[in-house]
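Observations on the three-dimensional arrangement
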2 protein chains.
Amino acid sequence: MNNYYIPRLATIEGYKQLFMALEAKVVDIVKHIKKTANDDPRRVVHSFKVGLALTLVSLFYYFKPLYNNFGCSAMWAIMTVVVVFEYSVGATLGKGLNRALATFLAGALGVGAHYLANITRNNFGEPILLGIFVFLLAAASTFIRFFPTVKARYDYGMLIFILTFSMVTISGYRTHEILDLAQKRLSTIAIGASICVIISIVIYPVWAGEDLHKLVAQNIEKLGDFIQGFSDTYFKTLETDGYVHLDLILANYKSVMNSKNSEETLANFSRWEPGHGAFMYSHPWKQYLIIGSLTRQCASRIETINAYNKAQASLEIFGKLQEPFSRMSMECWKALKELSLAIKTTTKPSSAKQHILNSRTASKSLKLLLNSEILGGINMEQIIPLASVASIMIDVVDYVEKIYEAIDELASLANFENGSVSKCCHVVVDVERLSEVIVDDQSVGKGTLVIP
Amino acid sequence: MNNYYIPRLATIEGYKQLFMALEAKVVDIVKHIKKTANDDPRRVVHSFKVGLALTLVSLFYYFKPLYNNFGCSAMWAIMTVVVVFEYSVGATLGKGLNRALATFLAGALGVGAHYLANITRNNFGEPILLGIFVFLLAAASTFIRFFPTVKARYDYGMLIFILTFSMVTISGYRTHEILDLAQKRLSTIAIGASICVIISIVIYPVWAGEDLHKLVAQNIEKLGDFIQGFSDTYFKTLETDGYVHLDLILANYKSVMNSKNSEETLANFSRWEPGHGAFMYSHPWKQYLIIGSLTRQCASRIETINAYNKAQASLEIFGKLQEPFSRMSMECWKALKELSLAIKTTTKPSSAKQHILNSRTASKSLKLLLNSEILGGINMEQIIPLASVASIMIDVVDYVEKIYEAIDELASLANFENGSVSKCCHVVVDVERLSEVIVDDQSVGKGTLVIP
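Given the structure is predicted, the values throughout are model-derived calculations rather than measurements. (Residues numbered from 1 in each chain as written. Chains lettered and ligands numbered in written order. Predicted model: local features only at pLDDT ≥ 70, side-chain atom pairs only at ≥ 80, totals over all residues. Heavy atoms only, no water.)

1. Focus: the packing of aromatic side chains
The geometry of an aromatic ring pair is captured by the separation of the ring centres together with the interplanar angle, meaning the angle of the planes. Selection criterion: Centres within 6.5 Å make a pair out of two Phe, Tyr or Trp rings, where for Trp the six-membered ring is used; the pair is then stacked when the planes are under 30 degrees apart, edge-to-face when over 60, and tilted otherwise. The numbering of helices and of strands both runs from the N terminus, where a helix is a DSSP run of H or I of at least 4 residues and a strand a run of E of at least 2. For a Lys NZ or an Arg CZ to count as sitting over a ring, it must be within 6 Å of the ring centre and within 35 degrees of the ring normal.
Enumeration over the complete set of coordinates arrives at 12 aromatic pairs over all chains. Plain terms: the ring middles of A:Tyr154 and A:Trp272 are 6.1 Å apart, the flat faces sit at 85° to each other, and that makes the pair edge-to-face. Of this pair, A:Tyr154 sits in helix 8 (residues 148-171) while A:Trp272 is found in the loop between helix 12 (260-270) and helix 13 (285-305), placing the two residues 118 residues apart along the sequence. Its end group placed over the ring of B:Tyr156, B:Lys95 keeps NZ or CZ at 4.7 Å from the ring centre. One Lys or Arg, B:Arg153, reaches over the ring of B:Trp272 and ends 4.6 Å from the middle of that ring.

2. Brief notes about the UniProt feature "transmembrane region" (unreviewed entry) in chain A
The criterion, for reference: UniProt positions are given in the numbering used here, feature names are shortened, and annotations may be inferred rather than shown by experiment.
Per the UniProt record, the feature "transmembrane region" (unreviewed entry) sits at residues 70-90, 96-116, 128-148, 154-174 and 186-207 of chain A. With 86% helix and 0% strand, the stretch residues 128-148 of chain A has end C-alpha atoms that lie 33 Å from each other.

3. Comments concerning helix 15 (residues 352-371) of chain A
All names here are of chain A. Let me state the cut-off plainly: Given a helix with a known number of residues, its expected span is that number minus one, times 1.5 Å. The cut-offs for exposure are 20% and 50% of the maximum accessible area for each residue type, with area from a 1.4 Å probe on protein chains only; residues under the lower value are buried, those over the upper are exposed, and the others partly exposed. Note that the arc is computed from the directions linking the helix axis to the C-beta atoms.
With 20 residues, helix 15 ought to run about 28 Å at 1.5 Å a step, and its terminal C-alpha atoms sit 29 Å apart, in line with that. For helix 15, the set of buried residues is Ala 352, His 355, Ile 356, Ser 359, Ala 362, Ser 363, Leu 366, Leu 369 and Leu 370. Buried residues along helix 15 cover an arc of 135° about the axis, so they all sit on one side. Every exposed residue of helix 15 that faces more than 90 degrees away from the buried side is listed here: Lys 364 and Leu 368.

4. Describing the nonpolar core
To keep it simple, the criterion reads: Among buried residues, the Ala, Val, Leu, Ile, Met, Phe, Trp, Tyr and Cys ones that are joined through side-chain atoms within 4.5 Å form a nonpolar core. Whether two residues touch is decided by their heavy atoms; if any such pair falls within 4.5 Å, the residues are in contact.
Residues A:Leu54 and B:Leu54 are the most contacted members of the largest nonpolar core, which totals 84 residues. For A:Leu54, the contacting residues outside a window of four places in its chain are A:Ile78, A:Val81, A:Val82, B:Val134, B:Ala138, B:Ile162 and B:Ser166. By size, the runner-up hydrophobic cluster in this structure holds 59 residues, among which are A:Ala299, A:Leu369, A:Leu370 and A:Val389.

5. Focus on the environment of A:Gly172
Residue and element names in this part refer to chain A. Looking at where Gly 172 falls in the secondary structure, it is placed in the loop between helix 8 and helix 9 (178-202). C-alpha separation for the pair Gly 172 and Ser 58, spaced 114 residues apart in sequence, amounts to 27 Å. Excluding residues within four positions of it along the chain, Gly 172 makes contact with His 114, Met 167 and Ile 178.

6. Thoughts on unusual backbone geometry
Residues apart from glycine generally show negative phi values, whereas peptide bonds are mostly found in trans. Phi angles above zero are rare outside glycine, and A:Tyr204 is one such case at about 35°. For A:Tyr204, a relative accessible area of 64% translates into the label exposed.

7. Considering a nonpolar patch on the surface
Residues and elements named next belong to chain B. Definition in use: What goes into a patch is any residue over 30% in relative accessible area without a salt bridge, connected to like charges within 9 Å or, for nonpolar side chains (Val, Leu, Ile, Met, Phe, Trp, Tyr), within 5 Å. Surface exposure here means Shrake-Rupley accessible area, sampled with a 1.4 Å probe, where a residue is shielded only by the protein chains that are shown. The term salt bridge refers to a pairing of a side-chain nitrogen on Lys or Arg with a carboxyl oxygen on Asp or Glu at a separation within 4 Å.
On the surface, a nonpolar cluster with roughly 820 Å² of combined accessible area is contributed by Leu 52, Leu 56, Leu 59, Phe 63, Leu 66, Ile 198, Val 202, Ile 203 and Tyr 204. Going through the elements one at a time, helix 2 (42-57) and helix 9 (178-202) are the ones with two or more residues in the nonpolar patch. The residue Ile 203 is located in the loop between helix 9 and helix 10 (208-241) in this model. Taking the relative accessible area as the measure of exposure, Ile 203 reaches 30% and is therefore partly exposed.

8. A word on the environment of A:Thr346
Residues and elements named next belong to chain A. With respect to the helices and strands, the residue Thr 346 is situated in the loop between helix 14 (315-344) and helix 15. Separated by 68 residues in sequence, Thr 346 and Ala 278 place their C-alpha atoms 7.6 Å apart. Once residues within four sequence positions are removed from consideration, Thr 346 is found in contact with His 213, Ala 278, Phe 416 and Glu 417.

9. What about the pattern of salt bridges?
Enumeration over the complete set of coordinates arrives at 36 salt bridges over all chains. Here A:Lys184 makes a salt bridge to A:Asp180, at a shortest N to O gap of 3.8 Å. Here A:Lys184 pairs with A:Asp180, and both are found in helix 9, just 4 residues apart, close to one helical turn. Residue A:Asp180 is classed as partly exposed on the basis of its relative accessible area, which comes to 39%. The closest approach of N and O atoms between B:Glu264 and B:Lys260, which form a salt bridge, is 2.8 Å. Of this pair, B:Glu264 and B:Lys260 are both found in helix 12 (residues 260-270), 4 residues apart, which corresponds to roughly one turn of the helix.

10. Focus: the interface of chain A and chain B
Rules: Buried area: the accessible surface (1.4 Å probe) lost by two parts on joining, summed over both. Each residue is assigned to one of three groups, with Ala, Val, Leu, Ile, Met, Phe, Trp, Tyr, Cys and Pro labelled nonpolar, Asp, Glu, Lys and Arg labelled charged, and all others, Gly among them, labelled polar.
Across the boundary between the two partners, chain A contributes 75 residues, which contact 75 residues of chain B. Of the roughly 6,800 Å² buried between chain A and chain B on both sides combined, carbon and sulfur atoms contribute 71%. The interface formed by chain A and chain B contains 0 salt bridges. Top element by residues in the side of chain A that touches chain B is helix 2 (residues 42-57) of chain A. It accounts for 10 residues. Looking at the side of chain A that touches chain B residue by residue, the class counts come to 41 nonpolar, 24 polar and 10 charged.

11. Topic: the relation of the copies chain A and chain B
One chain copy maps onto the other through a rotation about an axis and a shift parallel to that axis. In plain terms, the rule: Copies overlap after least-squares fitting; the atoms used are the C-alpha atoms of residues with pLDDT of at least 70 in both.
Each copy superposes on the other: chain A lies on chain B with an RMSD of 0.1 Å after a rotation of 180° and an axial shift of 0.0 Å. Here the two chains are linked by the operation of a two-fold rotation axis. No C-alpha of chain A approaches the rotation axis more nearly than that of A:Ser388, which lies at 2.4 Å. A shared interface surface links the copies, since 100% of the contact residues of chain A are contact residues in chain B too.

12. With respect to the packing of helix 2 of chain A against helix 9 of chain A
Residue and element names in this part refer to chain A. Note the threshold: Lines fitted to the C-alpha atoms define the axes, with helices restricted to the stretch that makes contact. Angles between their N-to-C directions range from 0 to 180 degrees. By definition, any crossing whose near helix is turned counterclockwise from its far helix by less than a right angle is left-handed, and any crossing with a clockwise turn is right-handed.
Axis separation between helix 2 and helix 9 bottoms out at 10 Å; the angle between their running directions is 145°. Where helix 2 crosses over helix 9, the two elements pack in a sense that is right-handed. Within the contact between the two elements, helix 2 uses Lys 49, Leu 52, Ala 53, Leu 56 and Val 57 and helix 9 uses Ile 195, Ile 199 and Ser 200.

Printed below as a string of structure tokens:
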């Protein structure tokens, strides 16, 4: 009996374990869902928008008059909605236009090829001729997809071009109402694409351009916060234990370094979008890529500073260097904060230039101090790590100026308003250390940063 | 008459200009085509492979017995070939499997939903129930596509899942041979996907895994070349005019910094690929991403060195620093070269460790020199840029060691052979400065770098 008993117990135990594993899995999935939704609540809205578009397009089947008109071609409307509906308006518009245009062009070409092959009036010659057409066009179009300019904007269109041409040409061999079929297919695809575009614009639109705009502004702010946080932490922790704990600050700003790809994708989508909010159709989206690239180059300099985690120096040297160093990074932080705000509020960066000039003055006095005889007598082992950090920071000031110039160009290209930011908004900056408030300085007529 | 005459002349002139513009455009396009083909000749082969696959699949229409069997469903085979055939085997396999599996699952679920809705036997209730099914499933699946893990590997599958479920459920409302249709569609899709996979594997296969492997090895080599080239240029040009012309070397190695995205894409595709050449199915592709990330971090350090283009120092200081500095970077270069070669030849990095130890020794003497009293008396303005560059280079040595460790782990994870690289191959390194040859050192039993 024992032989039967043990497996039974083992089975109950097994079920228990299975149940617990399942429960853990479910909890894990629920957490995952919550995180995905919280990271960007627009994702939930987008999911329902796709559901709505599909439900709308399925009316082609449910309503008899519509179905009688389009028949099986209604399938193409469903397919178009599923494939074309993307997260942002730009991506949806780009795909929709690509699909509709490519279908039209390839359809026309396909019908032409069909009639050309028909001339042979020969059961053996026709498929060979059709096969050659399809082979050549597919090979040529596939090759064209490798061109970088085509890949960036028309890759999907090329795919649909090959697809439609092949389908029309090949299936034309069996079907004889080819023109009627092509016309029905084109109109259902156009209807499906229109439904996608309309829903994506009318219901809580996600503009790729706006996302790019915000991302670039945010990255500049993160860079500024890092510079300020670094200078703060560097001297504070060096004083206490001779080590700098930068890992936490670095982790928060790693995303700046890895944003190249998202910026390029968003810029590509943005070019399809019509004017919206503060952005015209011809908004200079490419300029954001230049700003983003400079931001990353500056960030890469700062990442190097992490090499100087360890620095042993007497308090005496710190005292001498801390003042200009802190002033320099504080002014950089203010300049970047202003620049980020200028992008966010689409106004010209007004007082950022002054902060850059201030940081230049501070960097000059830091350089003078480093080169002075005061530090001459001190042990080189102590001075070199500090000097290296200071040198990199001086280089960072150059980059902040380059970022300023790029944003200034953006402001003039996109006709940003003159900066009277502060008149309309009081922004509370969420840096604990320095709870700063931008207040309206009536006397100067422009926003200035005041430390309370 | 004059009024008629001028436009005629203008028209001829206009045609001439148009013709010249067209000619320039054609020349431009031909150049573009040549460049795209030369950059990677496999692109031309890929284009013909797509053409071949399409021609093969079109036989479904041309041969009467095949057409009688599948009918209109043959269309799905064409569609599958166009959409699934990707450049690399991994991408094609991934898409093909995603498509086939998703179609099967969604088809089964769709047929189930169709029968469930049929129970109502009510012309008004059925479309409402079907609509609710489609809405919920489309919304849920669209949301799941935002999960990073799903997005990386199953995004296309999710899309096809929504597509097939909607089509089967909705069109099931009008068609009554739904099971027969679903079965035909599934088999044509499976045939189309199989044709793609077979052609992409049999004719000049492009393995994503191999590309990733080569890319990572190449980037390490580029990094090494840059380090060596930098050290060389730095002292040479500083001696002549006090400026370092790094722009050329930097441009060549920018691609290292921007390879994150391609590496991740290739790693994603690689995981779908069966064993091929030196790689098993379960090859540790993820380890390449770790190596690539370390390479980029190291590269980011070196980019910072560009800040020190300008350095004014007396020949006396150069003389003191040049020897350990050059030795350090030479050993780094050798180590990276060995590591790159170890990856390329899938052997364990044997002598790289020794080069890293050598560079550590050199970096220690550089540090000692920097901290010594010998430099104490010299102007700080002269010593700080040099010291900063030296500090960054010392940090670079740390990174080279980290890269070594990551590659060593890769070698043990992937069971690389013990390094007797040199026994089988004599590699001529294309660095003009140092035309080195790897020769077989019988006495030590492993390859060593010998400078003739």
